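# Chain and residue survey
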Amino acid sequence: MTERWLYSWGLGSVASGGASLLVPLYLVQLGASPFQLGLLASTAALVGAPGAVAFGRLANRVDHRRSLVLATLATVALALAAVPLLTGIGAVIAANAVLWLVVASVAPVLTMVVVDDAPEAAWSERIGLLNKYQGYGWAGGLVLGTVWPLVGVRVVGPDAATRVLFWVLAACAGASALSAARTLPRPPADAHVTGEQKVRRIARLVTNSRRNVRGATFAFSPNRLYWTTRDFAPRRALRRLDPALATYLVAAVLFFTGFAAFWAPLPLFFTDVRFDSGQIFALYLVSSLASAVLYEGAGRFASTCDVRLLQSAALAVRGLLFPAVALVAGIGAVSVGLGVAGVGLAAIGLTWAVIAVVGTAIVTRLAPPSVRGDVLGVHTALGAAAGGVGGLLGGWAASFGYAVAFGVAGGLVLLGAGLVFSLRALSGGTHAVEPAADTPLDHAGTETGATPSAVAADDGDQTD
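If you look the chain up in an unreviewed UniProt entry, it shows as MFS transporter from Halosimplex aquaticum.

## Side note on the packing of aromatic side chains
Tallied over the entire structure, the rule returns 21 aromatic pairs. Seen from their ring centres, phenylalanine 269 and tyrosine 402 are 5.1 Å apart, and the 70 degrees between their planes marks the pair as edge-to-face. Of this pair, phenylalanine 269 sits in helix H11 (residues 266-272) while tyrosine 402 sits in helix H16 (residues 402-421); the two residues are 133 residues apart in sequence, bridging distant segments of the chain. For tyrosine 402, a relative accessible area of 18% gives the class buried. One Lys or Arg, arginine 308, reaches over the ring of phenylalanine 421 and ends 4.8 Å from the middle of that ring. Across the ring face of phenylalanine 259, the terminal group of arginine 318 is positioned such that the distance to the ring centre comes to 4.5 Å.

## Side note on helix H3 (residues 65-82)
Each turn of an α-helix holds 3.6 residues, which means side chains three or four residues apart point in the same direction. For H3, with 18 residues, the first-to-last C-alpha span of 26 Å sits near the 26 Å given by 1.5 Å per residue. All of the buried residues in H3 are Arg65, Arg66, Leu68, Val69, Thr72, Leu73, Val76, Ala77, Ala79 and Leu80.

## Quick look at the nonpolar core
Counting 104 residues, the largest nonpolar core has Leu80, Phe255, Phe259, Phe262, Leu266, Phe269 and Phe270 as the members making the most contacts within it. Considering each element in turn, this core owes the most residues, 13 residues, to helix H14 (residues 334-366). With 22 residues, the next largest nonpolar core counts Leu6, Leu68, Val115 and Ala177 among its residues.

## A word on a nonpolar patch on the surface
Among the surface-exposed residues, Phe35, Leu392, Trp396, Phe400 and Val404 lie close enough to one another that they form a single nonpolar patch of about 480 Å² accessible area. Tracing the sequence through the fold places valine 404 in helix H16.

## Let's talk about the environment of alanine 77
Within the secondary structure, alanine 77 is located in helix H3. Given a relative accessible area of 13%, alanine 77 falls into the buried group. Remark: the alpha-carbon pair of alanine 77 and alanine 175, spanning 98 residues in sequence, is separated by 8.9 Å. Not counting residues up to four positions away in its chain, the partners in contact with alanine 77 are Ala170, Ala173 and Gly174.

Basis of the calculations
In every chain, residue numbers begin from 1 and rise along the written sequence. The model is predicted, so local features are restricted to residues of pLDDT at least 70 and side-chain atom pairs to those at 80 or more, both for listing and for counting; the totals for chains, interfaces and linings are taken over all residues. Hydrogen atoms and water are omitted, and side-chain values are computed over all heavy atoms in the structure. Only Phe, Tyr and Trp rings are paired, with Trp represented by its six-membered ring, and only when their centres lie within 6.5 Å; those with planes under 30 degrees apart are stacked, over 60 edge-to-face, the remainder tilted. Labels follow the DSSP assignment, with helices taken as runs of H or I lasting at least four residues and strands as runs of E lasting at least two, numbered in each case from the N terminus. Burial classes: relative accessible area under 20% of the type maximum marks a residue as buried, over 50% as exposed, and values in between as partly exposed (1.4 Å probe, protein chains only). For a Lys NZ or an Arg CZ to count as sitting over a ring, it must be within 6 Å of the ring centre and within 35 degrees of the ring normal. Each residue after the first adds 1.5 Å to the expected span of a helix. Within this scheme, the nonpolar core is defined by two criteria: the residues are buried Ala, Val, Leu, Ile, Met, Phe, Trp, Tyr or Cys, and they are joined through side-chain atoms within 4.5 Å. Two distance rules govern patches: like charges are joined within 9 Å, and nonpolar side chains (Val, Leu, Ile, Met, Phe, Trp, Tyr) within 5 Å, applied only to residues with over 30% relative accessible area and no salt bridge. Throughout, the Shrake-Rupley method with a 1.4 Å probe supplies accessible areas, and for residues the shown protein chains are the sole cover considered. Salt bridge, as applied in this entry: a Lys or Arg side-chain nitrogen positioned within 4 Å of an Asp or Glu carboxyl oxygen. Any two residues having at least one pair of non-hydrogen atoms within 4.5 Å are treated as being in contact.

Right under this line is the structure:
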């Protein structure tokens, strides 16, 4: 994997990072209702799951991998170039679905590309390096959106600024595709990652890794979904659920739904309280960076704390912050509201770092060793489904008022926090016992009894 290829993919990530917020803001400019904004978020979340599975299966054919990556970058460029030419809300929602279908779908393909010609000992390092560039690119897209109102308005005028930013992002994706066509490594003819041992190893790396900049506002990971469901038998997992594990999975559905319900109408709310597009981009960037900075520290902290209390406390704080930050940001002068929103979204990002790190560790602890991989797959799939439902719920609730939407979002997270707090098995007994130093891998490639510190210590910051 050459450094030039990493630069190419990072440039493509600039396009997807900028588009993640620019499309919702463009829909707001077109006069979208809160429900339509929720539909935009919901469709983007729901198309990613089947897309990742389909692309992953196609990528098992080695000769398909380069073409799938190049097709993704070309499709992103075309979609971003077309969106500002569309004036119908339904057409923009459809174009956005296509955009995130290919962006989500390519995640497992990239994992295969970077491990093709590498020994297993180097997989974590290679995937981590790829994702550092992707994380930088995603953050770069948010930075571009932050500074564009200061530059673009002066160069092209306020009326054309948004359309031109779409075309700048499209140019980034197009340049990335052209560069990748020259630099993307060609896998050996006999390179496959379909063998059982390799799949287990990759699944462990993907599942037990910390997330990148994108994770704070886009909790759903199509890469995790593909690898944790690669050898998926949900019925087998469901037959082995004990009350504690079933309770945590119900809690996860509640709080993941609440997360999505909060983020879906947020761009419209910020617009209504007179924040401009650059300020909204900056707020999302602050939340994402705060989350990324704390991931490793959260793992070290969690290894010395009661994970039941830590997870339930992080969820409770986040559940209270959702309505508090959003509502206080709309009071007083714009500058005051912007400062309050910035501090609040940074705190929300910090809570996500804890929730993401500790959540996987809790599922790993509670799941029986024989079905641990299947349970992790169920957990990831539930998160994907909850993201789709939560987007619709948040948009629908916001049609009755933002206080209702953010109250519903926070309430769902608090309910989830209460269920996690009730799981005393996590504070003692066999489920909470620290694993031995040389814990063997189970059939799904996850470490039996993995701890939060082990989750955060892995260098593989996986493609989300």
